[in-house]
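Residues per chain are reported as follows:
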Amino acid sequence: MTPGPTPVAPETLLAMAEPIIHHRSPQFSAILAEVEEGLKFVFQTKNDVLILVASGTGAMEGAVTNFLSAGDKALVVRGGKFGERWGAICEAYGVKALALDVEWGKSIRPEVIETALKNEKGIKAVYIQAHETSTGAKYPVEAIGNIVHQYPETIFVVDAISALGVYDLKTDDWHVDIMVSGSQKALMLPPGLAFASVSDKAWGLQKVATLPRYYFDFAKERKSLAKNSGAYTSAVSLIVGLQQVLKQIKAMGLEAIFARNKRLSEATKAGVKALGLKLYAEESPSEALTAILAPAGINGQDVVKVMREKYGVTIAGGQDQAKGKIFRISHMGYVNEFDVIVALSALELGLKDLGYAIELGAGVKAAEEVFSQ
Ligand SMILES: *Cc1c(COP(=O)(O)O)cnc(C)c1O
């Protein structure tokens with residue numbers, strides 16, 4: 001129950017256990033072509049979705065190096081660990097990252113982006129998360145997309161590494177120029193694949209961008225993809241697993257998957273609130289995970305530890321400044337109602353062990369009430 005890596009379905013594991021076919025064979029090209037169509041469906045885009053052999057951060061790095069030049073200015077929303085990562089990548093390559101700092105646990109107001117774009121001329125890119133996985137706060141992607149769309153020289157880049165496949169993200173309709181994702185979150189695969197959809201507007205910027213790049217060369221990947229191939233050796237088994245996952249996603253439909261995630265999220269949030277706990281991102285919580293403030297006198301890391309070691313449920317702690325202050329329960333991907341019930345039950349027992357006064361069963365009851373509706 002952590003925000004990545006998430007559980008992998010048995011069908012996917014079996015598909016990935018098949019003998020490895022060659023990455024330049026017609027058999028593999030046919031699979032890649034099918035996977036590419038499936039990715040466009042999940043990304044809700046007509047644009048190419050590049051497939052990289054990397055963790056999600058590889059696609060984040062490529063979303064900077066392929067589109068900007070040294071000295072360019074970019075807006076970066078920094079409301080947690082992953083927003084900070086956008087800033088760090090920009091700085092590593094000599095891009096001037098203009099940080100819009102958001103208090104951890106809070107969301108960004110679209111007007112802040114609008115004002116920044118108005119006041120500072122020549123911003124080439126706006127980098128945000130769909131939600132900050134480190135805090136659980138969801139950002140208003142659609143509203144920001146509509147704002148950035150009015151600036152023909154500025155691209156809008158969204159890190160949806162743990163958001164794609166959880167809730168609605170309309171890449172094309174919401175004017176997201178580059179949507180980045182990864183395999184090990186809601187796409188229910190092991191770690192190792194990163195994805196990036198790229199709009200025509202972004203390809204226009206790519207033509208004049210001069211930052212150094214080699215492995216994450218998006219133009220090269222695009223050229224190979226047109227021939228149903230990767231620029232280098234594809235992660236064959238992961239792509240075969242992805243083919244299986246995409247089949248299931250298509251069969252279920254995006255709407256049904258989003259509704260399912262919403263229910264799991266609502267039940268988890270109702271459960272922790274019934275235990276007297278507070279959400280870290282109270283005003284705009286993401287449906288992918290639930291970030292919870294550790295009760296007074298209890299260290300969030302101890303909650304993680306007791307749940308894992310005594311009750312066999314793996315959740316995530318806080319990172320950096322939130323370490324010890326919070327703990328996070330993820331419910332995206334291959335997770336069902338009873339995983340949520342088990343997690344809440346382990347949480348109740350763990351909190352009791354740590355000396356927190358609770359009524360056993362109150363969290364489970366609240367979650368079951370959501371599920372019975
Ligand atoms: C998990 C995550 C990442 C990190 O991706 P890696 O696959 O570890 O490189 C980046 N951004 C967000 C929002 C994430 O949830």
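See the structure above.
First, a word on what this report is: a plain description of the structure on this page. (Residues numbered from 1 in each chain as written. Predicted model: local features only at pLDDT ≥ 70, side-chain atom pairs only at ≥ 80, totals over all residues. Heavy atoms only, no water.)

1. As for a nonpolar patch on the surface
Consideration 1: Together, V53, Y214 and Y215 give the surface a local cluster of nonpolar side chains, amounting to about 310 Å² of exposed area.
Consideration 2: Following the sequence through the fold, V53 ends up in strand β1 (residues 49-53). (Patch = residues over 30% accessible without salt bridge, like charges linked within 9 Å, V, L, I, M, F, W, Y side chains within 5 Å. Areas by Shrake-Rupley, 256 points an atom, 1.4 Å probe, with all protein chains shown as cover. Salt bridge = Lys/Arg side-chain N within 4 Å of Asp/Glu carboxyl O. Helix = DSSP H or I, 4+ residues; strand = E, 2+ residues; numbered from the N terminus.)

2. Things to note about the nonpolar core
Consideration 1: Counting 93 residues, the largest nonpolar core has I113 and Y127 as the members making the most contacts within it.
Consideration 2: A domain split of this core shows at least three residues from each of domain 1 (10-251) and domain 2 (254-372).
Consideration 3: V272, L275, V313 and V340 belong to the second largest nonpolar core, which has 32 residues in total. (Core = buried A, V, L, I, M, F, W, Y, C linked by side-chain atoms within 4.5 Å. Buried < 20%, exposed > 50% of the residue type's maximum accessible area, 1.4 Å probe, protein only. Domains from an automatic or database assignment.)

3. Quick look at the site of the ligand
Consideration 1: The environment of the ligand is made up of 14 residues, and the closest members are S55, T57, T133, D159 and K185.
Consideration 2: The contact in question runs from an oxygen atom of the ligand to an N or O atom on the side chain of Q184, over 2.7 Å.
Consideration 3: Look at the ligand: alone it shows 390 Å² of surface, and the protein chains cover 89% of it.
Consideration 4: Counting residues per element, the ones that place at least two in the shell around the ligand are α3 (56-65) and α4 (81-92).
Consideration 5: Looking at which element gives the most residues to the shell around the ligand, the answer is α3, with three residues. (Near = heavy atom within 4 Å. Polar contact = N/O pair within 3.5 Å; in protein donor to acceptor, adjacent residues only side chain to side chain.)

4. Digging into the sheet that holds strand β12 (residues 316-317)
The pairing of strands in a sheet happens through backbone hydrogen bonds and is either parallel or antiparallel.
Consideration 1: Here we have four strands laid out as an open sheet, ordered β10-β11-β13-β12, and antiparallel in their pairing. Lying at the two open borders of the sheet, with one neighbouring strand each, are β10 (278-279) and β12.
Consideration 2: Where β12 lies against strand β13 (residues 326-330), two bridges are found, and the strand directions are antiparallel. The residue bridging A316 from the neighbouring strand is R328, located in β13.
Consideration 3: Each of β10, β11 (289-293) and β13 is contacted by helix α10 (residues 254-274), which is oriented at about 15 degrees to β11, the strand it contacts most. (Pairing = 2+ DSSP bridges. Contact = heavy atoms within 4.5 Å. Axes fitted to C-alpha atoms, helices over the stretch in contact; angles between N-to-C directions.)

5. A short note on the packing of helix α7 (residues 200-208) against helix α8 (residues 218-226)
Consideration 1: One way to put it is that α7 packs onto α8 with a least axis distance of 11 Å and a crossing angle of 125 degrees. Taken together, the axis directions place α7 and α8 in an arrangement best described as oblique. Taking contact as the criterion, the partners of D200, W203 and Q206 in α7 are, on α8, F218, A219 and R222.
Consideration 2: Classifying every residue of the contact of α7 with α8 gives three nonpolar, one polar and two charged. (Parallel < 35°, antiparallel > 145°, perpendicular 65-115°, else oblique. Nonpolar A, V, L, I, M, F, W, Y, C, P; charged D, E, K, R; others polar.)

6. Comments concerning the packing of aromatic side chains
Consideration 1: Tallying each qualifying case throughout the model produces six aromatic pairs.
Consideration 2: Their ring planes at 70 degrees and their centres at 4.9 Å tell us that Y215 and F216 sit as a pair that is edge-to-face.
Consideration 3: For Y215, a relative accessible area of 35% translates into the label partly exposed.
Consideration 4: The class for F216 is buried, based on a relative accessible area of 17%.
Consideration 5: Grouped by ring-pair contacts, the aromatic residues Y214, Y215, F216 and Y232 constitute a single cluster.
Consideration 6: For the cation-ring pair, K138 lies above Y167, with the distance from its terminal atom to the ring centre recorded as 3.9 Å.
Consideration 7: Taking NZ or CZ as reference, K250 lies 5.7 Å from the ring centre of F41, over its face. (Phe/Tyr/Trp six-rings, centres within 6.5 Å; stacked < 30°, edge-to-face > 60°. Lys NZ or Arg CZ within 6 Å of the ring centre and 35° of its normal.)

7. Examining the sheet that holds strand β2 (residues 73-78)
Consideration 1: Within the open sheet, the seven strands sit side by side as β1-β9-β8-β7-β4-β2-β3. Their pairing is mixed. The sheet is open, and its two edges are formed by β1 and β3 (96-101), each paired on a single side. Averaged over all neighbouring strand pairs, the angle between strand axes comes to 20 degrees, with direction disregarded.
Consideration 2: Bridging between strand β4 (residues 123-129) and strand β7 (residues 155-159) involves five bridges; their strand directions are parallel. Each residue of the ladder has a partner; that of A125, found in β7, is I155.
Consideration 3: Lying on the sheet, helix α6 (residues 141-148) is in contact with β4 and β7; it crosses β7 at an angle near 160 degrees.

8. Some thoughts on the pattern of salt bridges
Any two side chains of opposite charge can pair if their charged atoms end up close together.
Consideration 1: Within the structure shown, the criterion is met by 15 salt bridges.
Consideration 2: Its salt-bridge partner being D48, residue R222 comes within 3.2 Å of it at the nearest N-O pair. Highlighted residues: R222 in helix α8 and D48 in the loop between α2 (26-43) and β1, separated in sequence by 174 residues.
Consideration 3: Residue classification places D48 among the partly exposed positions, given a relative accessible area of 24%.
Consideration 4: Ionic pairing is found between D72 and K124, a salt bridge with its closest N-O pair at 3.1 Å. One end of the pair, D72, is in the loop between α3 and β2; the other, K124, is in strand β4, with 52 residues separating them in the sequence.
Consideration 5: Note on D72: relative accessible area 13%, which makes it buried.

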